[in-house]
Structure formats: structure tokens, C-alpha cells
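# Breakdown of the fold
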Amino acid sequence: MSSQKKYPVVLSAEDRRALERATTTGVRSASMIRRARVLLALDTSAGGVAPRAVIAGWVRVSCDSVRLISKRYAETGGDVWATVGRKERALPPVPSSVT
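Residues numbered from 1 in each chain as written. Predicted model: local features only at pLDDT ≥ 70, side-chain atom pairs only at ≥ 80, totals over all residues. Heavy atoms only, no water.

### Topic: the nonpolar core
Counting residues in each nonpolar core, the largest one holds 19 residues, and the members touching the most others are Leu11, Leu19, Leu39, Ile55, Val80 and Val84. Looking at this core, the elements that each hand over two or more residues are α3 (30–42), α4 (52–59), α5 (63–75) and α6 (80–84). Counting residues per element, this core draws most heavily on α3, at seven residues. Ignoring sequence-local partners within four residues, the contact set of leucine 19 consists of Leu11, Ala36, Leu39, Leu40, Val80, Trp81 and Val84. (Core = buried A, V, L, I, M, F, W, Y, C linked by side-chain atoms within 4.5 Å. Buried < 20%, exposed > 50% of the residue type's maximum accessible area, 1.4 Å probe, protein only. Helix = DSSP H or I, 4+ residues; strand = E, 2+ residues; numbered from the N terminus. Contact = heavy atoms within 4.5 Å.)

In C-alpha cells form, the structure reads like this:
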């Protein structure tokens, strides 16, 4: 089953404009721009969606990255900026030695 059927991405016109603006103007991190381009390519409201492998080739990421971005979009309830931005870590990677 493809990610387009399991985790559909439907962007509003406002979200689509904001993502297009984020990818073309301003200073953003490369990972944020990559994830925004994947979301724009997965958008079903703009018409037909290409297969995952084709989208991965366009954006130059792996097919698994495309799947994970669409999954994260579904998990965040369609929040574009939570999908494109960095995840907040709950705990530091190494526990503090001083308490």
C-alpha cells in the first residue's frame, strides 16, 4: 500500500502558499526546505500525485523519507509547520551526571 493512500496529504491553499514561500524565499534550514518540497509534491488537492519513488527522485531523498514525512503529517493532524520543523526532544541524549 502506498503512502498516498495510507497517509494522504491535503493542503489548504493558504498552507500551500506558505510552503511555496518557505522554499523560495528567506533563510530556512535545508531539511525544512526538503520536507516542505516533499509535502508540496504529496499534496492531493493540487491534482494527481506521483509515486513515492518519483517524488524521492525530484527532491533527492529516499523513498522512506517520503513515507515518514507523510506519516508525520498525519500524526500531527495536518499541522504543516509541525511536520516541516524540527521535533522537540523530550530528554537530553545523555543524562546529567550532576543532580
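### Description of unusual backbone geometry
The bulk of non-glycine residues show a negative phi, and the bulk of peptide bonds are trans. The backbone phi angle of arginine 60 is positive, close to 65 degrees, even though this residue is not glycine. The residue arginine 60 is located in the loop between α4 and α5 in this model. Given a relative accessible area of 74%, arginine 60 falls into the exposed group.

### Things to note about the packing of α4 against α5
Where α4 meets α5, the axes come as close as 8 Å, and the angle between the chain directions of the two elements is 100 degrees. With respect to α5, the axis of α4 lies roughly perpendicular. Across the interface between the two elements, Arg52, Ala53, Ile55 and Ala56 of α4 pack against Cys63, Val66 and Arg67 of α5. Considering only residue class, the contact of α4 with α5 consists of five nonpolar, no polar and two charged. (Axes fitted to C-alpha atoms, helices over the stretch in contact; angles between N-to-C directions. Parallel < 35°, antiparallel > 145°, perpendicular 65-115°, else oblique. Nonpolar A, V, L, I, M, F, W, Y, C, P; charged D, E, K, R; others polar.)

### Here's the deal with the packing of α3 against α4
Two elements in contact, α3 and α4, have axes whose closest approach is 10 Å; the angle formed by their N-to-C orientations is 145 degrees. Both α3 and α4 take part in a crossing whose hand is right-handed. Here Arg34, Arg37, Val38, Ala41 and Leu42 of α3 come into contact with α4, specifically with Ile55, Trp58 and Val59. Among the residues making up the contact of α3 with α4, the classes are represented as six nonpolar, no polar and two charged. (Left-handed = near helix turned anticlockwise from the far one by under 90°.)

So yeah, pure geometry; function would need other evidence.
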